[in-house]
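Examining the three-dimensional arrangement
So the chains spell out like this:
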Amino acid sequence: MREIEIKFQITDDRFHESPDFTALVCEQMIVSTSESESNNTYFDTPSQRLQKLGMALRICQSKDVMEQTIKCGESGLGGLHSRAEFNAPIEGSLPTLKSFPDDIWPSTQERDSIQAEILPVFSVNYHRSKWLILYHDSHIELVLDRGLVSCGDKSIKINEIEIELKDGYMSDLFSFARDMAKLNHIRLGSGSKAKRGYQLAGLEPMPGYRSEPKHHGKPHTSREERILGWLLHMLHHEDVYFDGPSDDRLNAAIQMLRSWRMITKTAWLLEEQPDWLDRCDRFDSEIAHIQNTFSATSAKATNSLFSRDALLLQLQIASWGYYTLQSA
């Protein structure tokens, strides 16, 4: 099974009580709804062998049901996340890797070697509100998670929305995401709960300032890939702005402004100019004058960089990127 979802981070603790969010949910054709407590323990080896394989392994307990899950090969694209997911029942306190398909492992020998080393690393516990929605010709699951990622005596807050395509069309998922983007106090989420757990455990760097996007300097990178690389660079620095060291906020905001400029500049060089380019060009022009006059905490900077227009443009670029890569 492959999950395809778009993540949003919530920037207001009372978002779930807001009239706008309540109205958006009530406007939908709801097939089912549920509330639950989810307690998750994530596992790895002391040398993070699962993380290095691009895997996240957990045991989830909800009510009286326990289930083990492994997710493989995450592909992130501007808030859009797609990865293979496998679930299996479990009775003990440690995952049983033989319960998952053999072909997800480099070899069964490596799987069994990892099995002998796994231990709990961090926990992710949250309250989940879930709505299954019939949206146009698709079933979309809307999930609101509020809780904590914990490791020892350290913890960080979870406050996020996921919209997952259960069946139907990607165009409907992006359309529903644009409906979500009209709400206040949300932004695209570029990281998973597991990533934040590894960061909290000190096994992955916390969000920090980068002077260049990850694709910088790589040979044979297409212009389309460079645009999407700048989008990810922008979203990374949104995480830095909200969750990183306070000393990095100004540089993070400057990198976000730079990302908009580089996306626009690169898009003008494409053989077929995307339908979002004119809008992006206007937005870039509107915010270009801010760089030399704003502080990282000024209302003007915050309103521009985290506006609905910015979020809708990010989604439009992510949607374009998805279909561009699919057709390549």
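For the structure itself, look to the data block above.
Small disclaimer: the values here were computed from a predicted structure and weren't measured.

Procedures and definitions
- Residues numbered from 1 in each chain as written.
- Predicted model: local features only at pLDDT ≥ 70, side-chain atom pairs only at ≥ 80, totals over all residues.
- Heavy atoms only, no water.
- Buried < 20%, exposed > 50% of the residue type's maximum accessible area, 1.4 Å probe, protein only.
- Helix = DSSP H or I, 4+ residues; strand = E, 2+ residues; numbered from the N terminus.
- Pairing = 2+ DSSP bridges.
- 1 Å grid on protein atoms, 1.4 Å probe; cavity = no way out; pocket = protein on both sides within 12 Å on 5 of 7 lines; lining within 4 Å.
- Points joined across faces, edges and corners; volume = space filled by probe spheres on them.
- Nonpolar A, V, L, I, M, F, W, Y, C, P; charged D, E, K, R; others polar.
- Core = buried A, V, L, I, M, F, W, Y, C linked by side-chain atoms within 4.5 Å.
- Contact = heavy atoms within 4.5 Å.
- Polar contact = N/O pair within 3.5 Å; in protein donor to acceptor, adjacent residues only side chain to side chain.

Points about the pairing of strand 7 (residues 138-151)
The element strand 7 is extensively covered by neighbouring structure, given that eleven of its 14 residues are classed as buried. Sheet analysis places strand 6 (residues 119-135) next to strand 7, joined by 13 bridges and oriented antiparallel. When the bridges of strand 7 are listed, Lys130 appears paired with Val143. The pairing of strand 7 with strand 8 (residues 154-167) spans 13 bridges and is antiparallel.

What about the layout of surface pockets?
The gaps left among the atoms become clear once a water-sized probe is rolled over them. By volume, the second largest pocket is sized at about 740 Å³. Contributing to the lining of the second largest pocket are 35 residues, with Arg58, Cys60, Glu85, Tyr126 and Arg128 lying nearest its centre. Here the residues of the lining of the second largest pocket are counted per class, giving nine nonpolar, nine polar and 17 charged.

Overview of the nonpolar core
Ranked by internal contacts, the top residues of the largest apolar core, which has 60 residues, are Ile6, Phe8, Leu142, Ile161, Ile163 and Trp276. In contact with Ile163, not counting residues within four places along its chain, are Ile4, Glu5, Ile6, Phe8, Ile140, Glu141, Leu142, Leu173, Phe176 and Ala177. Core analysis: the second largest hydrophobic core is formed by 16 residues, Phe43, Leu50, Trp105 and Ile118 among them.

Observations regarding the environment of Asp239
Counting through the fold element by element, Asp239 comes out in helix 6 (residues 223-243). We classify Asp239 as buried; its relative accessible area is 13%. Residues Asp239 and Asp172, 67 residues apart in the sequence, show an inter-C-alpha distance of 27 Å. When neighbours within four sequence positions are excluded, Asp239 is seen to be in contact with Arg187, Ser190, Pro207 and Gly244. Among the polar contacts made by the side chain of Asp239, one reaches the side chain of Ser190 at a distance of 2.8 Å.

In short, the description is geometric, and any link to function would need to be established separately.
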